[in-house]
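Working through the structure, step by step
Letter by letter, the chains look like this.
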Amino acid sequence: MVEQERVRVVRCGGSELNFRRAVFSADSKYGATRRCRPGRGWSLPGAAGKNCQARRDSLGGGSWLGKGCMRAPPGTRDGAGVCVLCEEGDTPQARGTAPWGARPLPRLSPAGRLRGPGGRAHVSRIGWALGRLEDGPGVDVYATAVALPRGPSFFRTESYIFCVSGDFVKVYSTATEECVHILQGHRNLVTGIQLNPNNHLQLYSCSFDGTIKLWDYVDGILIKTFIVGHKLHALFTVARAEDSVFVTINKEKPDIFQLVSVKLPKSSSQEIESKELSFVLDYINQSPKYIAFGNEGEYVAAVRDFYLSVYFFKKKTTSRFTLSSSRNKKHAKNNFTCVACHPKEDCIATGHKDGKIRLWRNFDDDKKYTYTCLHWHHDMVMDLAFSVTGTSLLSGGRESVLVEWRDAAEKNKEFLPRLGATIEHISVSPAGDLFCTSHSDNKIIVIHRNLEASAVIQGLVKDSNIFTGLMIDPRTKALVLNGKPGHLQFYSLQSDKQLYNLDIVQQEYINDYGLIQIELTKAAFGCYGNWLATVEQRQEKETELELQMKLWMYNKKTQGFVLNTKVNMPHEDHITALCFCNAEKSENPTLVTASKDGHFKVWILTDDSDIYKKAVGWTCDFVGSYHKYQATNCCFSEDGSLLAVSFEEIVTIWDSETWELKCTFCQRAGKIRHLCFGRLTCSKYLLGATENGILCCWNLLSCALEWSAKLNVRVMEPDLNSENIAAISHSSMGSDLFVFKPSEPRPLYIQKNISREEVQWGVFVPRDVPESFTSEAYQWLNRSQFYFLTKSQSLLTLSTKSPEEKLTPTSKQLLAEESLPTTPFYFILGKHRQQQDEKLNAALENELVQLPLTENIPAISELLHTPAHVLPSASFLCSMFVNSLLLSKESKSAEEIPDDVDMEEEKERDDSDEENDFTEKVQDTDNTDLGEDIIHQLSKSEEKELRKFRKVDYSWITAL
């Protein structure tokens, strides 16, 4: 069916902004040469389309390719240049298949959509999945990168940032921080990106799928695919090697990597095999931070453990230098952590685990080499970068401070503090105007040369552990979960942006791995977003537990949550669950907490002993237990009449009004892991999932087991807008999704292998605009969208659109406007377009209908100024009031009406006026007895006389 081809599992875009080495693009030598487009720039007759042969073959200098096509020299935006009599080609697309779990990998259609075999839904990894570099063998280490391209010298510079997000590359605008384009085509995680040194309007990318792709990043077109055949971990480009790139591969041992040169052959075909590899360095690290090219590509330096290796391309020799090993206590932290090379001199800067920076010189001689030390960081140096001229060195680490060392002197240093999180990577633009830092909290900061931040691109903050799970703010429909330490982050899924952070702990965070921090463990929204409950804890020893519960009230004036009640040690042991009663008919807000101490407590909102009765606070109203078992879960029914609390293997049902125990359910199938009530037509059912892999459904009317199934449920979430419940199970093959109704044991939808790893949390998000799926298997997606979070904190969802289709039209329009060149033609056309827009806006303003002022309408003035006790009925006034607001189709003033028309109308009215004069005079005489307050009404003949006086010219009076 059509829906089966459209629905697929995709990764949320804003969840990966954590990069490897950032790369700025350089200026183009041929800034005025651009590919011709309708209504843009200039072109010669017969200019090529975007799929022409000359456009695809973009390597090398300018040359004739046949079919009347001439390729432009390096520096044009896509290598197309000017073409004559060119034939359009087919759309570039990726071909071939590869395994994806237990299924064949889907292929890309010409439109760029993923299509699974047999029309089935399938998985497309497109979000954040950044592993630690210290992960051992067998663990995928997801490398990412970011590039900030810089256009030609008289184009707009530093306009975009490129960042790798899963298996696609995202393009952000540095001005608006909006995602304006997405490059997708790789079949596995992208591990590196670099700008083409011979054409700075093109982009190289490498991936674990063993391919190197060349992109036209402005139009999002895949130009070429080079098939290397090895798993690629990093990518480097050098201007001197025009037809080669450098990649990091793994051949023998899982933790030993090699730096090799890959020759990119010239060909007009779309896919090219690049099997010619040249060995450069051995025993290196896979991360790009451990490899750097220096002195305009004359040598390459690589570090690993305690070794520094330098390979000279001209001499074809390798020099290796060693520091003292960790066996010596004095040099226990000499490990290399990063490397950077001077752009114009023979100088290498290395960062170390002890926070020192070493500057190596004379390393072309193994015996005469020297190094000097710079030391400010108290912890390991995360990354280094030289400025364009080499006069300053940038360093960053866990202190969240960017340090600029000027003239390689320890005395001359500048700081940019309080950047919010650990600096992972640093990059410098070729012009030296901008710096770029990427941070551990999934954030990019663009910094000016004077050390002032100019733009911040914040993704979904990745915490060490997500204890609170996934929640939806009822007010903003934002995704809420753990963010920075001690904070809750509110992330908009629609705009793919972080809205704000709520500081829960309200204490200064000290970045020390040996220090036990206060952790935010639980959170829940109640009363349609009016209340927020949080639980924080800190425990150094088993007997020393610090527990605190806070109740936050939403303030409409400040548009945020304000602390209302703080409860120290609400329980004697860890709190395992908390939930609000969100029933519509609930009079007083109610909160229930469950704990390992064997009790559950009911908290209600009461007066806080204020003499003005305006302050409210939360207090404990009831404490319940069941045979001293640990309370593990709790939840309210949809109408709030029942409370279900699980005590290890037993489920208890309580009356929410009297707090009496109604009944218990016990299947002896293991401890209850998840518990939830059915909704709407299935509200009479209660579901529970046990640790032994049993899913049970109880009927509350008959107090009996309705059905059970063997399923190892890790996540179970009800949809608040329907009767559907989503359950995710985990096995050795991966995680599977099951969607069902409690009234029917047969699932409505089953999706195998939605994720290779374990899924920890899930949530249904209401849709702003409902979908219209006709297939029964996908109707559960009409009202809500299901999001789930994996163990590596990858946020996934079932989507009907590709990432490119999710971009807003305004973002694409911004991309088109920013790509316009600032040539003399642009200034002429730009002013012309601006004048056209002004004329169009003026015309629209003139077409607007001017509504009459309300004070000039007699009906309204009479209605407002007449005493209410003398007014007629509302039914009589309604028609008069509405008619006074209506506008005639053609309204002409008295001055626009010709005189002959007035005379004809007056003649027609004369007869009727004479007939009515008698009746009017009778009425006037009768009305004189009513009093002087009655306003005299003019007859039609009197009104005719007044119109004649109004037309008389009295301008001669001004001459007196």
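Residues numbered from 1 in each chain as written. Predicted model: local features only at pLDDT ≥ 70, side-chain atom pairs only at ≥ 80, totals over all residues. Heavy atoms only, no water.

Considerations on the packing of aromatic side chains
Considering all chains together, one arrives at 38 aromatic pairs under this definition. Considering the side-chain rings of Phe 580 and Trp 618, the 6.0 Å spacing of their centres and the 80 degrees angle between planes classify their relative orientation as edge-to-face. With a gap of 38 residues between them, Phe 580 in strand β47 (residues 575-580) and Trp 618 in strand β50 (residues 616-625) connect regions that are remote in the sequence. Judged by its relative accessible area of 7%, Trp 618 falls in the buried class. (Phe/Tyr/Trp six-rings, centres within 6.5 Å; stacked < 30°, edge-to-face > 60°. Helix = DSSP H or I, 4+ residues; strand = E, 2+ residues; numbered from the N terminus. Buried < 20%, exposed > 50% of the residue type's maximum accessible area, 1.4 Å probe, protein only.)

A few points about the sheet that holds strand β40 (residues 479-482)
In spatial order, the strands read β39-β40-β41-β42; together these four strands make up an open sheet with antiparallel pairing. The open sheet has two edge strands, β39 (471-472) and β42 (497-503), and neither has a second partner. Note that β40 and strand β41 (residues 487-492) share four bridges and pair antiparallel. Its bridge partner being in β41, Leu 479 is matched across the sheet by Tyr 491. (Pairing = 2+ DSSP bridges.)

A look at the nonpolar core
Counting 19 residues, the largest nonpolar core has Val 592, Phe 600, Cys 634, Phe 636, Leu 643 and Val 645 as the members making the most contacts within it. Of all the secondary-structure elements, those providing two or more residues to this core are β47, β48 (590-595), β49 (599-607), β51 (631-636), β52 (642-647) and β53 (650-655). With residues near it in sequence (within four places) discarded, Val 645 still touches Phe 600, Ala 631, Asn 633, Cys 634, Ile 650, Val 651, Thr 652, Trp 654 and Leu 675. The next biggest cluster of nonpolar side chains, apart from the first, holds 18 residues, and it includes Val 715, Val 759, Leu 781 and Phe 788. (Core = buried A, V, L, I, M, F, W, Y, C linked by side-chain atoms within 4.5 Å. Contact = heavy atoms within 4.5 Å.)

Quick notes on the confidence of the model for the protein
Mean pLDDT over the protein stands at 76; residues scoring 70 or higher make up 70%. For residues 891-897, every residue scores under 50 in pLDDT, and the model assigns this stretch one contact once sequence neighbours within four places are set aside. Across residues 918-934 the pLDDT falls below 50, and counting only partners more than four positions away or on other chains, this stretch makes three contacts in the model. (pLDDT = per-residue confidence, 0-100.)

Here we look at the sheet that holds strand β25 (residues 307-312)
Sheet architecture is open: four strands sit in the order β23-β24-β25-β26, paired in antiparallel fashion. The outermost strands of the open sheet, each flanked by one partner alone, are β23 (291-294) and β26 (317-322). Ignoring which end each strand starts from, the neighbouring axes of this sheet average 20 degrees apart. When β25 meets β26, the two strands line up antiparallel, connected through six bridges. Residue pairing in the sheet places Ser 309 in a bridge with Arg 320 of β26. (Axes fitted to C-alpha atoms, helices over the stretch in contact; angles between N-to-C directions.)

With respect to the pattern of salt bridges
For the structure on display, the rule yields 18 salt bridges. Among the ionic pairs, Arg 240 bridges to Glu 296, the shortest N-O distance being 4.0 Å. Separated by 56 residues along the polypeptide, Arg 240 in the loop between β18 (234-236) and β19 (244-250) and Glu 296 in the loop between β23 and β24 (299-304) bring together distant segments of the chain. Note that Asp 379 and Arg 398 form a salt bridge whose closest N and O atoms lie 3.2 Å from each other. With Asp 379 in the loop between β30 (370-375) and β31 (381-386) and Arg 398 in the loop between β32 (392-397) and β33 (402-406), this pair connects stretches of sequence that are 19 residues apart. Salt bridges here are not isolated pairs; linked through shared partners, they connect Arg 240, Glu 296 and Glu 298. (Salt bridge = Lys/Arg side-chain N within 4 Å of Asp/Glu carboxyl O.)

Section: the pairing of strand β65 (residues 795-799)
A regular strand places its side chains so that they alternate between the two faces of the sheet. Extensive coverage of β65 is indicated by the burial of five of its five residues. Here β65 shows two buried faces, one formed by Leu 795, Thr 797 and Ser 799 and the other by Leu 796 and Leu 798. The pairing of strand β64 (residues 784-790) with β65 spans three bridges and is classified as antiparallel. For Phe 788, the partnering residue across the bridge sits in β65 and is Leu 796. If you look at the hairpin formed by β64 and β65, you'll find four residues sitting between the two strands, and Gln 793 has a positive phi there, around 65 degrees.

Here's the deal with the side chain of His 200
With respect to the element layout, His 200 can be found in strand β15 (residues 199-207). One polar contact links the side chain of His 200 to the main-chain carbonyl oxygen of Asn 196, over a distance of 3.3 Å. (Polar contact = N/O pair within 3.5 Å; in protein donor to acceptor, adjacent residues only side chain to side chain.)

Some details on unusual backbone geometry
A positive phi is found at Met 569, a non-glycine position, where the angle reads about 50 degrees. Structurally, Met 569 is set in the loop between β46 (560-568) and β47. One non-glycine residue with positive phi stands out, namely Asn 753, at about 55 degrees. Among the structural elements, Asn 753 can be located in strand β62 (residues 744-755).

Some thoughts on the environment of Thr 543
Structurally, Thr 543 can be placed in the loop between β44 (531-541) and β45 (544-555). Overall, Thr 543 belongs to the exposed group, its relative accessible area being 75%. Taking the C-alpha atoms as reference, Thr 543 lies 9.7 Å from Asp 573; in sequence the two are 30 residues apart.

Here we look at the environment of Glu 178
As for its placement among the helices and strands, Glu 178 is situated in the loop between β12 (168-173) and β13 (179-184). Since its relative accessible area comes to 26%, Glu 178 is described here as partly exposed.

Some details on a nonpolar patch on the surface
A surface patch of nonpolar side chains, amounting to about 340 Å² of accessible area, comprises Phe 881, Val 882, Leu 885 and Leu 886. Positionally, Phe 881 belongs in helix α7 (residues 874-885). (Patch = residues over 30% accessible without salt bridge, like charges linked within 9 Å, V, L, I, M, F, W, Y side chains within 5 Å. Areas by Shrake-Rupley, 256 points an atom, 1.4 Å probe, with all protein chains shown as cover.)

Section: the state of the cysteines
Here the structure, examined in full by the defined rule, presents zero disulfides. Here Cys 634 is not cross-linked by a disulfide; its sulfur's nearest cysteine counterpart is in Cys 579, at 3.6 Å. The thiol of Cys 676 is unpaired, and the distance to the nearest cysteine sulfur, on Cys 635, comes to 6.6 Å. (Disulfide = S-S within 2.5 Å.)

Structural notes on the pairing of strand β37 (residues 443-448)
Where burial is concerned, most of β37 is hidden: five out of the six residues are buried. The pairing of strand β36 (residues 434-439) with β37 spans six bridges and is antiparallel. Bridge assignment links Ser 438 to a residue of β37, and that residue is Ile 444. The hairpin turn running from β36 into β37, its antiparallel successor, is three residues long, and Asn 442 in that turn takes a positive phi close to 65 degrees. Where β37 lies against strand β38 (residues 453-458), five bridges are found, and the strand directions are antiparallel. Paired with Ile 445 across the strands is Val 456, a residue of β38. In sequence, β37 turns back onto β38 through a hairpin of four residues, with Leu 451 there showing a positive phi of about 60 degrees.

Some remarks on the side chain of Thr 576
Tracing the sequence through the fold places Thr 576 in strand β47. Engagement of the side chain of Thr 576 in a polar contact is seen with the backbone oxygen of Ala 631, the distance being 2.7 Å. Polar contacts involving the side chain of Thr 576 include one to the main-chain carbonyl oxygen of Thr 632, which spans 3.4 Å. Discounting chain neighbours no more than four positions away, the residues touching Thr 576 are Lys 522, Ala 594, Ser 595, Lys 596, Ala 631 and Thr 632.

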